[in-house]
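Below, each chain spelled out in residue letters.
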Amino acid sequence: VHIAPAFGEDDYNIGQEFGLPFIQPIDEKGYFDDSIPELAGKYFKIHREDIGKKNVWDTDKWVVDQLKKMGKLLDVRDYAHDYPFCWRCKRALLYYARESWFIQMSRFREDLLETNAKVNWVPKMIGTGRFGNFLDKVRDWAISRERFWGTPLPIWICNDRECNHMLAIGSYEELKTLSKGNVVLEDYHKPMIDEVLISCPKCKSDMNRTPEVIDCWYDSGAAPFAQYHYPFENKELVDNGGAYPVDFIAEGMDQTRGWF
Ligand SMILES: [Zn+2]
Ligand SMILES: [Zn+2]
């Protein structure tokens with residue numbers, strides 16, 4: 001079986017389980033780096049408009065030829081299957097392992113299950129079934145997104161790689177206090193927020209915000225107390241159970257997976 005831990009979730013998980021090497025010879029644009037000299041600078045797959053044409057670059061064909069030359073090829077068969085292409089430039093897309101920020105949900109599993117058991121679900125089976133199963137197998141939540149629109153992840157990281165100190169900022173006020181020039185912004189989204197620097201409390205180097213934004217389901221999940229501008233206002237109301245947990249939520253079936 002072909003396993004490529006850098007290019008697919010199942011492959012990655014199997015790679016982790018069996019300690020397989022993590023080989024990623026392709027850059028973020030889909031081109032090979034020079035770790036395989038004959039492939040350096042080549043796109044990882046044939047372009048869609050080139051399929052069926054002669055004398056065009058086809059990485060798959062090159063790999064098959066190499067295996068043939070090495071005497072390691074058992075059989076080659078063409079078969080039709082689905083494949084994702086970019087809708088704009090029609091190039092082949094690929095699964096690509098990226099670094100990401102996570103919330104360690106698995107740490108809260110018992111708490112989540114216990115609390116869920118107290119919820120009066122209607123119909124009842126959603127609580128024990130769909131939602132209960134989701135909680136029972138709860139996985140760590142990849143909360144970062146590599147896009148422009150969204151709530152900026154409020155984590156600043158020291159530019160000195162050795163130091164690598166990180167700070168999670170909890171309010172505009174805290175950012176004002178810690179930022180160089182005591183910054184106050186009209187709008188705290190990208191790109192303005194990315195210009196705000198913090199002087200590292202450990203080594204005095206500059207700290208930049210990590211570029212990612214937050215998964216929008218995080219905003220959704222925060223809605224019950226965010227609507228009260230908690231914890232900056234209504235702190236007592238929310239802390240004493242006057243506003244949260246909520247009394248009643250009506251939702252579509254598709255929403256019953258994890259955000260409230
Ligand atoms: Zn494209
Ligand atoms: Zn530092």
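Residues numbered from 1 in each chain as written. Chains lettered and ligands numbered in written order. Predicted model: local features only at pLDDT ≥ 70, side-chain atom pairs only at ≥ 80, totals over all residues. Heavy atoms only, no water.

## Notes on the pairing of strand β7 (residues 206-209)
Argument step 1. The side-chain alternation of β7 yields one buried face, formed by Met207 and Arg209, and one unburied face, formed by Asp206 and Asn208.
Argument step 2. One ladder, built from 3 bridges, connects strand β4 (residues 155-158) with β7; its direction is antiparallel. Its bridge partner lying in β7, isoleucine 157 is registered against asparagine 208.
Argument step 3. Judged from the 2 bridges that link them, strand β6 (residues 198-199) and β7 form a sheet pairing that is antiparallel. Bridge pairing in β7 links serine 199 to aspartate 206. (Buried < 20%, exposed > 50% of the residue type's maximum accessible area, 1.4 Å probe, protein only. Helix = DSSP H or I, 4+ residues; strand = E, 2+ residues; numbered from the N terminus. Pairing = 2+ DSSP bridges.)

## A closer look at the domain arrangement of the protein chain
Argument step 1. As far as domains go, the protein chain holds domain 1 (1-97), domain 2 (100-143), domain 3 (149-214) and domain 4 (221-260).
Argument step 2. Placing the centre of domain 2 and that of domain 3 at their C-alpha centroids yields a distance of 32 Å. (Domains from an automatic or database assignment.)

## Describing helix α2 (residues 59-69)
Argument step 1. For α2, the N-terminal capping position is held by aspartate 58, with its side-chain oxygen 3.1 Å away from the main-chain nitrogen of aspartate 60.
Argument step 2. Residue glycine 71 follows α2 closely and has a positive phi angle near 70°. (Polar contact = N/O pair within 3.5 Å; in protein donor to acceptor, adjacent residues only side chain to side chain.)

## A word on the sheet that holds β6
The strands that make up a sheet are held in pairs by hydrogen bonds between backbone atoms, and each pair lies either parallel or antiparallel.
Argument step 1. Spatially, β5-β4-β7-β6 is the arrangement adopted by the 4 strands of the open sheet, whose pairing is antiparallel. Because the sheet does not close on itself, it has two edges, and the strands there are β5 (166-168) and β6.

## Looking at the nonpolar core
Argument step 1. Grouped together as the largest cluster of nonpolar side chains are 13 residues, with contacts concentrated most on Trp156, Leu175, Leu185, Ile193, Val196, Ile198 and Met207.
Argument step 2. Setting aside anything within four residues of it in sequence, one finds isoleucine 193 in contact with Pro152, Trp156, Leu175, Leu185, Tyr188 and Arg209.
Argument step 3. Formed by 7 residues, the second largest nonpolar core is a distinct cluster that contains Leu39, Phe44, Trp62 and Ala92. (Core = buried A, V, L, I, M, F, W, Y, C linked by side-chain atoms within 4.5 Å. Contact = heavy atoms within 4.5 Å.)

## Brief notes about the coordination of the zinc ion (ligand 2)
Argument step 1. For the zinc ion (ligand 2), the full set of protein donor atoms is Cys158 (SG), Cys163 (SG), Cys200 (SG) and Cys203 (SG), and the range of their distances to it is 2.2 to 2.4 Å.
Argument step 2. With a relative accessible area of 0%, cysteine 158 lands in the buried category. (Donors = N, O, S within 2.8 Å, 3.2 Å for Na, K, Ca; no water.)

## Re unusual backbone geometry
Argument step 1. Each neighbour pair has its own omega, and for lysine 190 with proline 191 the value is 5°, a cis peptide bond.
Argument step 2. Mapped onto the elements of the fold, proline 191 is located in the loop between α6 (172-178) and β6.
Argument step 3. Omega for the bond connecting tyrosine 244 with proline 245 falls within 30 degrees of zero, at 0°, which places this linkage in the cis form.
Argument step 4. Checked against the element boundaries, proline 245 lands in the segment after α8 (235-239).
Argument step 5. We note that asparagine 182 has phi near 45°; this positive angle belongs to a residue other than glycine.
Argument step 6. One can find asparagine 182 in the loop between α6 and β6.
Argument step 7. Take asparagine 182: its relative accessible area is 44%, and that puts it in the partly exposed class.
Argument step 8. If you check the backbone angles, histidine 229 has positive phi at about 55° while not being a glycine.
Argument step 9. What makes histidine 229 partly exposed here is its relative accessible area of 41%.

## Focus: the environment of isoleucine 23
Argument step 1. As for its position among the elements, isoleucine 23 is in the loop between α1 (9-18) and α2.
Argument step 2. For isoleucine 23, a relative accessible area of 56% puts it in the exposed group.
Argument step 3. Considered as a pair, isoleucine 23 and methionine 125 are 102 residues apart in the sequence and their alpha carbons are 44 Å apart.
Argument step 4. Those residues in contact with isoleucine 23 that lie beyond four places of it in its chain are Ala6 and Phe7.

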